[in-house]
Amino acid sequence: MERERKKDRRYNLLAFSGSAALVALAVSLAISAVNAHTRKRKRRALAGSNVRVNLSAPEILQSANSIISKSKAVHDAVGSVPLDKATFANVVLPLAELEAQQFPLVQSCIFPKLVSTSEEVRKASAEAEQRIDAHILMCRISQREDVYRVLKALVARGEWMSPEPNRYVQCLIRDFEWNGLNLTSTKREEVQRLRSQIYDLSVLYVRNMNDDSNFLLFSETELVGLPPEFLQSLDKAENGKFKVNLRSCHAIPVLELCKASLLACAYINCFLVYINQLPALIKCFVMIGKTRKTVAVAYGKRGGEANLSVLKSLIQLRHKLARLLSYSNYADYAVAPRMAKSSSKVFEFLEDISVSLNELAARELDVLKDLKWKEEGQLPFGNEDLPYYMKRVEEQHLDLDFGALKQYFPINLVLPGIFKIFQDLFGLRFEEIADIEVWHSDVHAFSVFDLSSSELLGYFYLDIHPREGKYGHTCVVALQNGSLSSNGARQIPVALLISQCQKEIDDHPGLLRFPEVVKLFHEFGHVVQHICNRASFARFSGLRLDPDFLEIPAQVCYESFSLKLISGFHQDITKPIEDRMCESLKRWRSSFSALKLKQEILYCLFDQIIHSTEDVDMVKLLRDLHPKVMLGLPMLEGTNPASCFPRSAVGYEATCYSRIWSEVFAADIFASKFPGGLLNQYIGMQFRKKVFALGGSKDPIDVLSDFLGREPSIQAFIESKAQSSV
């Protein structure tokens, strides 16, 4: 009925013509604007939240200037404290409270660039972020030597502090020294110069990758196995051949799906009748195998020799920076503030896992080689064959239709199911808040309460539907960090979950692809992680954790219990996903897990070696390292290391290992503490109190050891990889 009323109003407006229509439209818009303004005025802000969700572009820039001004005033006051008068109260507390108070104000300026429908607001938000980042960088690198000296004087005086404040002070000092504030002014200038050069080269590297417009030409025969819709999406050259560019959206489908079997079978049938077809059969095998190899080689050369030179220069500059900051190499500098502590520990970790996986990986590789022999004969198995034959085995052994699977994950069932799992496991209660101020009508806000005491723990916003101008991926943004002020009042955390889930519109349910379900589940784990933090300092709150430790809470989606709770056939939601589908999904997740992980370990070892050793011949390194890690499989000749490992160049330099590190600890926790699945609320509450609540206020290895009751182990992780492996 509501849709009919809306339809009637729309048709009434269209009934006018000429100037009457313009007048009617103007009146309608004016009334709508007044009503919208009235509704907006009536909507209330979240109690206890300092986040401002609807700043205009001028307000954002004005707020950014106020933030910088306030920060400068507090740092000036702390920096002016006489060294012999430095105390926790006049040095540490002002800095801690500034951080807690300003974080939600900073985020109020920055998060609109991700979600605002106004281009003007998004531009102002991006500009505000640049201004604030520049101010923070100046504080840490060049202009706040006075604050650093006062902090050092406080530590030298030996004033007693409890563990968390002491850790906070040590973190402040480490940040200053990590950026060179303990150096002479001349060396600090050198640090700034090196950082500037590193930044410029990083931008050049990314530009070279993005500007690579090379493409390959293939006939339809050479692309057998690719779905018609993929071929239809490709541009064609004048000679009628398909253009395959070197973006992952083109290269990966070719590497996974371009098959020999269809044409080969046809030729085999001919061969059985006409023996003279043997040359054509051989030609078919070689042709299709050549397509995959050609794409793999070209994909491994993206950015060309130019980026290999850029990466070499980047590594040299990083080593110079590390030595200037008193580290022996860049890897030690990058890893020092993390859970791993040293590059040698990372090497030990990666090599232990790699060796432990050898037997399983060898069995997996034999399966792939056998299948290639059946389909392509005695042609050697190469690195370029891995994606295709992994996909082939999964198709043959796993009863999975992802198109059909999607029918079991309507958004209006998945989201409440995710809520229930986290509420039950961690003793929480979520309540949607009505008439709250938001930045778009699609956005919903929720309160989070402790189930037993009904204490308000925090809030979260959901902004999960796509729209123009919005950030295009799924992520969690901390809008306000939890903290405890000097007067004992607790500031509660506020989080925002952004995603791109299709809406349920009329008779069209918003169905999620399984990877979207996994991602949504994963990121909501970070929302709960943020809300359940009880650290006293905003610095240790929510998502500001050691990156090696951050990803632990999200490894639960493949439990059959979880999948059944968040699924239901969209036309009859009483029918959850079937047991066989759950089992197939678990097997799909772990299929060829050892080989896939060894590929990742190869990248991580390469990353650690080039950042812990100077003057490395990267091409030779990869050529030598590849067969050692990948069980004799040689590097694909012509591969450019700078193209294979972009994370080593920009973003995760010397820290590519971190994802595996987190996954290992997650596997250990769930294997040892949740052996019967996620139904144990007692253990869930222990995890909430001993892990989530502490945040970054204790060393992560101590947090983990306290929860497990022992040192963490890689064994559960290795065993999890072996389960259900094809």
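Each remark here, short or long, concerns the structure printed above.
Residues numbered from 1 in each chain as written. Predicted model: local features only at pLDDT ≥ 70, side-chain atom pairs only at ≥ 80, totals over all residues. Heavy atoms only, no water.

Visitor: Explanation requested: the overall build of the protein in the structure shown.
Guide: Check the secondary structure of the protein and you find 31 helices and nine strands. Here the protein holds 726 residues, and the buried ones make up 50% of them. Put simply, of all contacts in the protein between residues at least 6 apart along the chain, 74% involve residues at least 24 apart. Surface exposure of the protein reaches about 34,200 Å², of which carbon and sulfur atoms provide 53%. (Helix = DSSP H or I, 4+ residues; strand = E, 2+ residues; numbered from the N terminus. Buried < 20%, exposed > 50% of the residue type's maximum accessible area, 1.4 Å probe, protein only. Contact = heavy atoms within 4.5 Å. Areas by Shrake-Rupley, 256 points an atom, 1.4 Å probe, with all protein chains shown as cover.)

Visitor: Would you explain the nonpolar core in this entry?
Guide: Inside soluble globular proteins, nonpolar side chains tend to come together where they are buried. The biggest cluster of nonpolar side chains holds 134 residues, and the ones touching the most others in it are Ile353, Phe409, Phe460, Phe524 and Ile660. Looking at this core element by element, the count peaks at 10 residues for helix α24 (residues 593–612). Every residue in contact with Phe409, bar those within four places of it in the chain, is listed here: Val414, Gly510, Leu511, Leu512, Phe514, Val517, Leu563, Ile566, Ser567, Gly568 and Ile577. Judged by nonpolar contacts, the second largest core, of 26 residues, contains Ala86, Val92, Ala96 and Tyr168. (Core = buried A, V, L, I, M, F, W, Y, C linked by side-chain atoms within 4.5 Å.)

Visitor: What's the story with the pairing of strand β5 (residues 456–463) in this structure? I'm lost.
Guide: Regular strands place their side chains on alternate faces of the sheet. Buried residues dominate β5, accounting for seven of its eight residues. Bridge analysis of strand β4 (residues 444–450) against β5 gives six bridges, and the strand direction is antiparallel. What sits directly across from Ser447, in β5, is Tyr459. Hairpin geometry of β4 and β5 is characterised by an intervening segment of five residues between the two adjacent antiparallel strands and by a positive phi of about 65 degrees at Ser454. As paired elements, β5 and strand β9 (residues 494–498) share five bridges and run parallel to each other. In the strand pairing of β9, Tyr459 is matched with Val494. (Pairing = 2+ DSSP bridges.)

Visitor: Explain the sheet that holds strand β6 (residues 475–480) to me, please; I cannot follow it from the model alone.
Guide: In a beta sheet, neighbouring strands pair by backbone hydrogen bonds and run either parallel or antiparallel. Across the sheet, which stays open at both edges, the five strands sit in the order β3-β4-β5-β9-β6 with mixed pairing between neighbours. Where the open sheet ends on each side, the last strands, each with one partner, are β3 (428–433) and β6. Across the sheet, the mean angle separating the axes of adjacent strands is 25 degrees when strand polarity is ignored. (Axes fitted to C-alpha atoms, helices over the stretch in contact; angles between N-to-C directions.)

Visitor: How do you make sense of the packing of helix α17 (residues 358–376) against helix α18 (residues 386–397) when you look at a structure like this?
Guide: How two helices pack is summed up by the angle between their axes together with the distance between the axes. As a packed pair, α17 and α18 sit with axes 10 Å apart at the nearest point and diverge in direction by 90 degrees. As far as their axial angle goes, α18 and α17 are roughly perpendicular. Of the residues in α18, those in contact with Leu365, Val367, Leu368, Leu371, Lys372, Glu375 and Glu376 of α17 are Leu386, Tyr388, Tyr389, Met390, Arg392, Val393 and Gln396. The class makeup of the residues in the contact of α17 with α18 is nine nonpolar, one polar and four charged. (Parallel < 35°, antiparallel > 145°, perpendicular 65-115°, else oblique. Nonpolar A, V, L, I, M, F, W, Y, C, P; charged D, E, K, R; others polar.)

The values are spatial; any link to function lies outside them.
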